[in-house]
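# Close look at the chain arrangement
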Amino acid sequence: AQSVTQLGSHVSVSEGALVLLRCNYSSSVPPYLFWYVQYPNQGLQLLLKYTTGATLVKGINGFEAEFKKSETSFHLTKPSAHMSDAAEYFCAVSAPNFGNEKLTFGTGTRLTIIP
Amino acid sequence: ETGVTQTPRHLVMGMTNKKSLKCEQHLGHNAMYWYKQSAKKPLELMFVYNFKEQTENNSVPSRFSPECPNSSHLFLHLHTLQPEDSALYLCASSQEERRETGELFFGEGSRLTVL
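The model shown is predicted, which means the values in this text are computed figures rather than measured ones. (Residues numbered from 1 in each chain as written. Chains lettered and ligands numbered in written order. Predicted model: local features only at pLDDT ≥ 70, side-chain atom pairs only at ≥ 80, totals over all residues. Heavy atoms only, no water.)

The computed volume of the largest pocket comes to approximately 570 Å³. As for the largest pocket, its lining consists of 25 residues, of which Q38, E88 and R110 of chain A together with Q37 and R111 of chain B are closest to the centre. Counting only elements with at least two residues in the lining of the largest pocket, the list comes to β9 (87–95) of chain A together with β9 (87–94) of chain B. In terms of residue class, the lining of the largest pocket is made up of six nonpolar, 12 polar and seven charged. (1 Å grid on protein atoms, 1.4 Å probe; cavity = no way out; pocket = protein on both sides within 12 Å on 5 of 7 lines; lining within 4 Å. Points joined across faces, edges and corners; volume = space filled by probe spheres on them. Helix = DSSP H or I, 4+ residues; strand = E, 2+ residues; numbered from the N terminus. Nonpolar A, V, L, I, M, F, W, Y, C, P; charged D, E, K, R; others polar.)

Successive residues of a regular strand alternate their side chains across the two faces of the sheet. Residue and element names in this part refer to chain A. Residue alternation in strand β1 (residues 3–7) divides its side chains into a buried set, V4 and Q6, and an unburied set, S3, T5 and L7. Relative to strand β3 (residues 19–26), β1 is paired through five bridges, and the arrangement is antiparallel. Note that in β3 the partner of T5 across the bridge is N24. (Buried < 20%, exposed > 50% of the residue type's maximum accessible area, 1.4 Å probe, protein only. Pairing = 2+ DSSP bridges.)

Here the focus is the packing of aromatic side chains. The geometry of two aromatic rings is summed up by the distance between their centres and the angle between their planes. Applying the stated criterion across every chain, the model contains 11 aromatic pairs over all chains. Geometrically, the ring pair formed by Y35 of chain B and F106 of chain B is tilted, given 5.7 Å between the ring centres and 50° between the ring planes. Separated by 71 residues along the polypeptide, Y35 of chain B in strand β4 (residues 31–37) and F106 of chain B in strand β10 (residues 105–106) bring together distant segments of the chain. According to the relative accessible area criterion, Y35 of chain B is buried, its value standing at 2%. Each member of the aromatic cluster is reached from another via a ring pair, and the members are F34, Y36 and F105 of chain A together with Y33, Y35 and F106 of chain B. (Phe/Tyr/Trp six-rings, centres within 6.5 Å; stacked < 30°, edge-to-face > 60°.)

Attention shifts here to the side chain of E103 of chain B. With respect to the helices and strands, the residue E103 of chain B is situated in the loop between β9 and β10. Overall, the relative accessible area of 19% leaves E103 of chain B in the buried class.

Turning our attention to the environment of W34 of chain B. All names here are of chain B. Within the secondary structure, W34 is located in strand β4. On a C-alpha basis, the gap between W34 and A92 in space is 6.6 Å, while along the polypeptide they are 58 residues apart. At 3.2 Å, the side chain of W34 forms a polar contact with the backbone oxygen of F75. (Polar contact = N/O pair within 3.5 Å; in protein donor to acceptor, adjacent residues only side chain to side chain.)

Here the focus is the state of the cysteines. Taken as a whole and judged by the stated rule, the model has two disulfides over all chains. Here C23 of chain A is linked by a disulfide to C91 of chain A, with a sulfur-sulfur distance of 2.0 Å. Residues C23 of chain A and C91 of chain A share a disulfide whose torsion about the S-S bond is about -65°; that sign makes it left-handed. Here C91 of chain A lies in strand β9 and C23 of chain A lies in strand β3, a separation of 68 residues in the sequence. Accessibility classification places C23 of chain A together with C91 of chain A in one group, the buried group. The closest cysteine sulfur to the non-disulfide-bonded C68 of chain B is located on C91 of chain B, 9.0 Å from its own sulfur. Assessed through its relative accessible area of 12%, C68 of chain B is described here as buried. (Disulfide = S-S within 2.5 Å.)

This is how it looks when you write it as structure tokens:
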């Protein structure tokens, strides 16, 4: 079974400050890892994903995440927060090459940007 | 035009009503999904259809009845719902269920309120 833990259901950062959203996963096989973003009144949109290869992945809107196997983590970062980054962020895990195609989502982290 | 369109966006219904949610994807995908999003809970996978065939029913109560007439359309028929069924219902699609990329494309959701 796979699972995802997102530390902090709410995170507030000042505009221009570093954004760090934490995600730890549990998987008995090499995982695929994802960050999705949900803006108010919208569906989820893929921000970035790790499947294989380079452990530092870059996504849209200046976000990036690093897969750290030793720490079972996939934290999401952005050097400088913008007001438009205010949204809810979901970490997710799957293992489609090992028979588990289903995405397992975390409970989400709501990011608030302080002007 | 978004790739995945859901209607209605908002629905209020009584416990004895019968209503349906509709999802249409314009991406040429072969797999479609229904998810339930409730506050402070992970996204819950409800149903999966791959090439119009239901491949997963995640122990969903029979008051929710899915229908997939073709790879582009997915319905969720609702009857005799309970107040705890109030949630955001998200439709998603992917290239096919056993997908290498693991990426889902979501609609904007249908906000359901059961009185």
